[in-house]
Amino acid sequence: MKLAIYTCGTEGYTYAMTAQARRIQSCIASCDKELDILVLVVGDGSQGNLDAIEEYKNLLPDAQVELLQHDGLEAGEKNYDNATQLLIAQLRTMATSRAISWGADYCLSMDSDVLPPSNALRCMINMLEFDGGYYGVAACPYPSQGGGAFLC
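Here is a short report on the structure shown in this document. Note that this is a predicted model, so its numbers are computed, not measured.

### Focus on the packing of aromatic side chains
So, step 1. A complete count under the given rule lists two aromatic pairs for this structure.
So, step 2. Considering the side-chain rings of Phe130 and Tyr135, the 6.2 Å spacing of their centres and the 10° angle between planes classify their relative orientation as stacked.
So, step 3. Judged by its relative accessible area of 61%, Phe130 is exposed.
So, step 4. Note on Tyr135: relative accessible area 45%, which makes it partly exposed.
So, step 5. Among the aromatic residues, ring-to-ring pairing joins Phe130, Tyr134 and Tyr135 into one connected group.
So, step 6. It is Lys2 that lies over the ring of Trp102; its NZ or CZ is 4.5 Å from the centre.

Here it is, written out as structure tokens:
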């Protein structure tokens, strides 16, 4: 099974990427599937992106790890203004296009600050397989880092 994993983050939003890489390693270790893995770190090529790339290479030596760099856009002044949302959409489009061209069977997409629980990948794959492939999208809740209960 070919699994593409991607996370997007520009310089100010890479603070959790190395911790996320360790969580992803845990998710893969608890998954009972034979996986061919492509990890995509998508961003502006900042030090946080490069640190995440190195962490993934160290933690998942059999995985293909790539940086998809986008230099042409500026984020807006606020987290959720139009320019920032356009940047996020373009980063995700780059990653999804790369995953498709690689031939991914599944794609795990996360915001750069999501720290998934160790069973997240296994649970999502099980959700997609339980009904003969009827569903095409699965989500896993995770504890909010911002004070709420759970996000998805």
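### Considerations on the side chain of Ser112
So, step 1. One can find Ser112 in the loop between strand 4 (106–111) and helix 4 (120–129).
So, step 2. By relative accessible area, Ser112 is classed as buried at 7%.

### Structural notes on the pattern of salt bridges
So, step 1. Applying the stated criterion to the full structure yields four salt bridges.
So, step 2. Here Lys33 and Glu129 are joined by a salt bridge, their closest N and O atoms 3.0 Å apart. With Lys33 in the loop between helix 1 (17–30) and strand 2 (36–43) and Glu129 in helix 4, this pair connects stretches of sequence that are 96 residues apart.
So, step 3. Given the relative accessible area of 29%, Lys33 is considered partly exposed.
So, step 4. Of the charged contacts, one joins Arg92 and Asp111 as a salt bridge, the two residues approaching to 2.2 Å between their closest N and O atoms. Taken together, the residues span a long stretch of sequence, with Arg92 in helix 3 (residues 82–102) and Asp111 in strand 4 at a distance of 19 residues.
So, step 5. Taking the relative accessible area as the measure of exposure, Arg92 reaches 24% and is therefore partly exposed.
So, step 6. In this structure Asp111 comes out as partly exposed when scored by relative accessible area, which is 36%.

### Comments concerning the pairing of strand 2
So, step 1. For strand 2, the tally of buried residues reaches seven of eight residues, placing the bulk of the element in the interior.
So, step 2. Relative to strand 2, strand 1 (residues 2–9) runs parallel, the two sharing eight bridges. Bridge assignment links Tyr6 to a residue of strand 2, and that residue is Leu40.
So, step 3. Taken together, strand 1, helix 1 and strand 2 form a β-α-β motif whose crossover is right-handed.
So, step 4. By the bridge criterion, six bridges tie strand 2 to strand 3 (residues 64–69) in an arrangement that is parallel. By the bridge assignment for strand 3, Val41 is matched with Leu67.
So, step 5. Crossover strand 2 to strand 3 through helix 2 (residues 47–59) is right-handed.

The rules behind each value
- Residues numbered from 1 in each chain as written.
- Predicted model: local features only at pLDDT ≥ 70, side-chain atom pairs only at ≥ 80, totals over all residues.
- Heavy atoms only, no water.
- Phe/Tyr/Trp six-rings, centres within 6.5 Å; stacked < 30°, edge-to-face > 60°.
- Buried < 20%, exposed > 50% of the residue type's maximum accessible area, 1.4 Å probe, protein only.
- Lys NZ or Arg CZ within 6 Å of the ring centre and 35° of its normal.
- Helix = DSSP H or I, 4+ residues; strand = E, 2+ residues; numbered from the N terminus.
- Salt bridge = Lys/Arg side-chain N within 4 Å of Asp/Glu carboxyl O.
- Pairing = 2+ DSSP bridges.
- Right-handed = clockwise from strand over helix to strand, strands pointing away.

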